[in-house]
Amino acid sequence: MSRPVIGISTYQDPARWGVWEMPAVLLPAAYPRLVRAAGGLAVLLPPDEAGGAAGEVVAALDGLVIAGGADVEPARYGAAPDPRTGPPSQARDAWELALIGAAIEQRVPVLGICRGMQLLNVARGGTLHQHLDDHTGGLGVFGSHPVTPVPGTVYARAVPETAMVPAYHHQAVDRLGAGLAPSAHAPDGTVEALELPGHESLVLGVQWHPEMSEDTRVMAALVEAARHRSRAARAESGAPVAPS
């Protein structure tokens, strides 16, 4: 059976290689590596205009990952910037918000990772804490802390026990967006995972970085949801469906 196609959003930043220095589309290799380890086929999604392009891109996918990265611009959730909030990445915010909206509308499974989870919350009208301490291991170093699932959630079905996770963030979910529910917490009460109960496809966000561990279960949940979505779409269109 063909692997489900999982699109991963990317950065656009200056980069140097060989004799060149110019804007480049970037993504840590750990993201596509985790998608492959979980049984998916990874494709990278460079930033584009946030209009109709997002819908076209999502329509070509079986699943979507919104990757980690820079702080979400506070204006997106009606807040003034805290002095500790990083500079805005307005084009990336707009593009990834459009991808999230298209995925939810088209019932394409979506996984938000770190910034991606925060942006998912903002997309649903939620807000963010702009700074908290002790969720990194220091500048440029991943920390580690336990995350406890909320029983009965999609996340708890994927990872039923309290698990140690690699974390690097200084912002977090404050007020939950419309329809979203917490599905895991850190010991200090920080919402570490959230989801959209009752939606026709998986909509999940995790605050940590699963791509930095050997545990594939979170990504496998997305890949499995994408596989089911692909099979259902093919059956609806009358195309042959390979056995599972």
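Structure: see above.
A. Structural context of the side chain of R92. Note that R92 resides in helix 3 (residues 90-106). Those residues in contact with R92 that sit more than four places away from it in its chain are S9, T10, Y11, A67, G68, G69, A70 and R115.

B. Examining the sheet that holds strand 8 (residues 143-149) more closely. Strand order in the open sheet formed by nine strands is 4-1-5-6-13-12-11-8-9, with mixed pairing between adjacent strands. Looking along the sheet, the strands with just one partner apiece sit at the ends: strand 4 (41-45) and strand 9 (163-167). The mean inter-strand angle of the sheet, taken between neighbouring strand axes irrespective of direction, is 30 degrees. With three bridges connecting them, strand 12 (residues 191-195) and strand 13 (residues 203-206) associate as antiparallel partners. Bridge pairing links A193 to V206 in strand 13. Docked against the sheet, helix 3 engages strand 1 (5-9), strand 4, strand 5 (63-66), strand 6 (110-113) and strand 13, running at close to 150 degrees with respect to strand 5.

C. Fine view of the packing of helix 2 (residues 52-59) against helix 3. Contact geometry for helix 2 and helix 3: axes closest at 8 Å, N-to-C directions at 50 degrees. Between helix 2 and helix 3, the interaxial angle falls into the category oblique. Note that helix 2 runs across helix 3; the crossing there is right-handed. On the side of helix 2, the interface is formed by A53, A54, G55, V57, V58 and A59, while helix 3 contributes W95, A98, L99, A102, A103 and Q106. Residue classes in the contact of helix 2 with helix 3 are distributed as ten nonpolar, two polar and no charged.

D. Local environment of the nonpolar core. By size, the foremost hydrophobic cluster in this structure holds 33 residues, and its most contacted members are L111, I113, Y155, W208, V218 and M219. At the level of elements, strand 1, helix 1 (30-37), strand 6, helix 5 (154-158), strand 9, strand 13 and helix 6 (217-237) are the ones that each hand at least two residues to this core. Examining the composition of this core, we find that seven residues originate from one element, helix 6, more than from any other. Ignoring sequence-local partners within four residues, the contact set of W208 consists of I113, C114, V147, Y155, V165, P166, A167, E192, A193 and V218. Counting residues in hydrophobic clusters, the runner-up holds 30 residues, among them Y77, M117, L128 and V191.

E. View of unusual backbone geometry. Phi at R107 takes a positive value of approximately 60 degrees, unusual for a residue other than glycine. Inspection of the secondary structure puts R107 in the loop between helix 3 and strand 6. A positive phi is found at C114, a non-glycine position, where the angle reads about 55 degrees. With respect to the helices, strands and loops of the structure, C114 is situated in the loop between strand 6 and helix 4 (115-123). With a relative accessible area of 6%, C114 lands in the buried category.

F. Region of interest: the packing of helix 3 against helix 4. With their axes 10 Å apart at the nearest point, helix 3 and helix 4 run at an angle of 70 degrees to one another. In terms of their interaxial angle, helix 3 and helix 4 are classed as roughly perpendicular. When you trace helix 3 past helix 4, the crossing you get is right-handed. Here helix 3 contributes R92, D93, E96, L97, I100 and I104 to the contact with helix 4, which in turn contributes R115, L119, L120 and A123. Residue composition of the contact of helix 3 with helix 4, by class: six nonpolar, no polar and four charged.

Scoring rules and cut-offs
- Residues numbered from 1 in each chain as written.
- Predicted model: local features only at pLDDT ≥ 70, side-chain atom pairs only at ≥ 80, totals over all residues.
- Heavy atoms only, no water.
- Helix = DSSP H or I, 4+ residues; strand = E, 2+ residues; numbered from the N terminus.
- Contact = heavy atoms within 4.5 Å.
- Pairing = 2+ DSSP bridges.
- Axes fitted to C-alpha atoms, helices over the stretch in contact; angles between N-to-C directions.
- Parallel < 35°, antiparallel > 145°, perpendicular 65-115°, else oblique.
- Left-handed = near helix turned anticlockwise from the far one by under 90°.
- Nonpolar A, V, L, I, M, F, W, Y, C, P; charged D, E, K, R; others polar.
- Core = buried A, V, L, I, M, F, W, Y, C linked by side-chain atoms within 4.5 Å.
- Buried < 20%, exposed > 50% of the residue type's maximum accessible area, 1.4 Å probe, protein only.

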